[in-house]
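# Summary of the model geometry
Spelled out from the first residue to the last, the chains are:
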Amino acid sequence: MIVLLKPPVTFRVSGHTFSTMDLRSALGSLLFVLGLCEICTGFVQENCIDYQLQFARVFSVPGDVAMLNSTLVCPKVFNITSDPYNITWYNSKTSKEMRDQPGRILVRRETLWFLNVLPDDGGEYVTILRTPTGCYRQATKLVVDEPVAGECGRPRKAGQTLNKGVTDMLSCPLKDYISTLDSYNITSSLKWYRGCDPIVDGTDPYTYMDKTKLKIDGVELQNNGSYTCTLTFTLGGVTGSVSETIDAWVREEYSMVPQVHEPANEIIKAEMGSNFTKRCLVFVPCVGAPFAEVIWIVNDEYLFNTDPSEGLYTSEKRSWREDVPRKGVWIERMLIISELQEENFNINYTCQAMSPRGFPRQYFTLLPADPNIILPIGSVFGGVTALFIISVVIYYLFKVDIVLWFRTAFPVLYTNKDLDGKLYDAYVAYPPPCAVGYSKAVETFAIDTLPQVLERACGYKLFIASRDCLPGQAIVDSVEENIQASRRLLLLYTASTFVSKRHTSSTSSNNNNIISKSSNTSGNTEGKAGDSGSNMCFDDSEDLYQDTRQQLECVAAMHRALLEGSLKVVLVELEEITPAQLALFPESVRHLRKKQGAVCWWKNMRPKQRWRTCVRRRDDEERGGQDMPLSPPLSPSFRFWKEMRYHMPVRGKRAVYPE
């Protein structure tokens with residue numbers, strides 16, 4: 001829109017040139033000055049905008065302080081920030097301006113104070129507010145009542161209700177007095193009375209609260225009555241007071257301030273694209289119907305929509321009553337978002353309860369959920385666990401192969417055992433001829449098969465008594481020295497190795513201990529190795545271990561293995577042992593077998609090559625009952641030999657074995 005401005009008109013008067021704009025400005029200033037001059041002459045009828053008589057009356061009694069306030073100083077009346085103004089108070093009965101009177105009247109701009117009200121002060125008082133561009137008028141009425149004889153408090157009372165059975169409050173109607181005095185930086189004190197009796201703060205059930213409130217705990221019917229609040233202060237050099245009386249009555253039906261339990265000013269995270277639901281849960285302490293409504297506020301706008309097609313909507317209000325532990329009504333209204341979009345995040349969703357008692361509210365902020373690290377962590381953990389289990393299984397199944405490969409691949413990690421001062425890698429112990437449990441096949445295995453693989457193919461050095469024992473050497477010395485010079489002891493046995501002939505025929509006989517000492521052993525220790533063949537023969541009446549070498553080997557081996565821990569004994573089981581046969585073994589052998597196991601030759605042989613005890617096949621009988629010769633595979637890569645090498649000393653940097 002274009003506004004056309006008429007150029008100002010100029011004219012001359014007595015030689016001076018004037019314009020219409022100058023005349024308007026001068027005229028406004030003249031009117032403002034004339035208005036100020038009229039203040040000196042009294043109240044006159046002006047052409048002012050009349051805001052009539054204020055609806056609110058000011059009630060007082062003689063001797064009290066009364067405060068009259070004009071409401072003209074308001075942005076709705078004029079621009080209070082830029083326009084200068086002047087306020088004048090007039091008594092409508094005398095049409096005279098109200099001026100300060102020491103001890104009686106005090107004028108403070110829009111406020112007129114009566115410091116000591118007289119009965120004749122009642123009436124209307126006019127406020128005229130002038131600005132350079134306007135004039136405004138308003139009237140305020142002061143009503144002065146005579147106190148009722150014999151009655152405490154003011155003759156006019158304000159009504160307030162108290163709710164039975166709960167903690168409730170009375171509010172003193174002197175808030176405007178207190179706030180105005182606070183603006184003057186004037187201190188004041190408030191005291192409560194019930195009837196004519198003063199109420200002491202903190203005396204059960206009364207407590208002073210927030211300058212203007214009186215809290216009453218556990219309101220009962222006897223709390224009915226009149227309560228007076230008296231405000232005392234000093235203004236204009238005069239100490240005065242003003243009072244208001246409240247007529248309080250107790251009612252059994254009530255509705256208190258609602259309490260918002262959910263949401264709880266919290267942050268909630270949710271997945272993009274998911275469905276989201278959050279409830280607004282409000283408790284209204286009440287007896288009877290609750291005077292409260294629950295509503296959601298989103299982006300500072302009330303959300304009334306209950307249509308699911310909108311995507312963002314609320315459910316219908318649901319309520320239920322509760323009597324324990326506190327009487328009241330729960331109100332619930334759900335906030336539902338069908339599918340979370342980007343615009344739904346990083347904003348506050350507020351649940352507000354609306355009631356005559358107050359408007360409590362709480363909110364929650366919706367944020368995008370953090371990246372889900374549980375799945376990748378779970379996958380990694382599951383993978384590591386599976387890998388660990390697989391590794392354990394593989395190691396359990398292929399432990400021997402893995403260890404042998406590691407020894408071959410990294411020989412530098414092992415020290416050369418040749419430097420430990422021992423002469424032999426293993427001492428081979430087996431029943432010699434004429435000893436209990438002697439077997440030609442076992443002897444062949446010890447003298448021919450073991451050296452062929454372990455010595456020739458693998459480079460180990462074995463001590464075999466029938467082969468390496470020096471002629472004429474004492475048996476005790478030979479056994480002690482050569483076991484001491486060996487890193488391992490290979491104990492070869494079958495089901496009959498530790499059992500005499502009488503035990504072989506009857507498996508129900510008692511077990512014999514290999515470490516048991518015989519009193520007649522010492523008498524035979526001076527025999528010679530060269531005569532062992534004749535000394536080891538026995539008849540059926542003799543005890544076990546009639547062969548001195550066999551007994552010494554077993555005792556020395558078990559002592560070093562079980563008691564000292566200085567020697568590792570490798571049990572080499574050449575045939576399958578039944579539980580009944582194992583029960584006849586010495587306790588030390590059974591303990592060692594249970595603790596570390598045995599290298600079983602019979603597990604690696606074909607069925608037709610396995611030995612059987614107590615059951616002889618027909619083809620064996622056709623051969624005249626002779627033992628079947630052992631014909632084992634002689635390759636070091638054979639499972640049995642791998643297990644033997646696993647238990648043998650580590651060769652260190654010296655040897656590489658064929659696989």
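The text that follows walks through the structure, step by step, so that each part is easy to find. (Residues numbered from 1 in each chain as written. Predicted model: local features only at pLDDT ≥ 70, side-chain atom pairs only at ≥ 80, totals over all residues. Heavy atoms only, no water.)

Trp113, Phe114, Leu170, Trp192, Tyr227 and Leu231 are the most contacted members of the largest nonpolar core, which has 47 residues in total. The element best represented in this core is strand S18 (residues 225-235), accounting for five residues. Counting residues in hydrophobic clusters, the runner-up holds 27 residues, among them Val479, Ala557, Ile577 and Leu592. (Core = buried A, V, L, I, M, F, W, Y, C linked by side-chain atoms within 4.5 Å. Buried < 20%, exposed > 50% of the residue type's maximum accessible area, 1.4 Å probe, protein only. Helix = DSSP H or I, 4+ residues; strand = E, 2+ residues; numbered from the N terminus.)

Glancing now at unusual backbone geometry. Put simply, Asp204 and Pro205 share a cis peptide bond, and its omega is 5°. Within the secondary structure layout, Pro205 lies in the loop between strand S15 (197-198) and strand S16 (206-209). Residue Pro325 follows Val324 across a cis peptide bond; omega there is 5°. Along the chain, the position of Pro325 falls in the loop between strand S27 (318-322) and strand S28 (328-337). For Arg109, which is not glycine, the phi dihedral falls at a positive 50°.

This brings us to the packing of helix H3 (residues 374-409) against helix H13 (residues 639-647). Helix packing geometry: the angle between the two helix axes and the distance between the axes. Taken N-terminus to C-terminus, the directions of H3 and H13 make an angle of 60°; their axes are 10 Å apart at the nearest point. Relative to H13, H3 is oriented oblique. Here the hand of the crossing between H3 and H13 comes out left-handed. Between H3, through Leu397, Lys399, Val400, Asp401, Val403, Leu404 and Arg407, and H13, the contact on the second element is made entirely by Arg639, Lys642, Glu643, Arg645 and Tyr646. Among the residues making up the contact of H3 with H13, the classes are represented as five nonpolar, no polar and seven charged. (Axes fitted to C-alpha atoms, helices over the stretch in contact; angles between N-to-C directions. Parallel < 35°, antiparallel > 145°, perpendicular 65-115°, else oblique. Left-handed = near helix turned anticlockwise from the far one by under 90°. Contact = heavy atoms within 4.5 Å. Nonpolar A, V, L, I, M, F, W, Y, C, P; charged D, E, K, R; others polar.)

Read from one edge to the other, the open sheet built from three strands follows the order S5-S9-S8, with strand pairing classed as antiparallel. Looking along the sheet, the strands with just one partner apiece sit at the ends: strand S5 (66-69) and strand S8 (105-108). Averaged over neighbouring strand pairs, the angle between their axes works out to 15° when direction is ignored. Taken together, the four bridges between S5 and strand S9 (residues 111-114) define a ladder with antiparallel strand orientation. Looking across to S9, one finds that Asn69 is bridged to Thr111. The sheet strands contacting helix H2 (residues 175-183) are S5 and S9, and the helix crosses S5 at an angle near 80°. (Pairing = 2+ DSSP bridges.)

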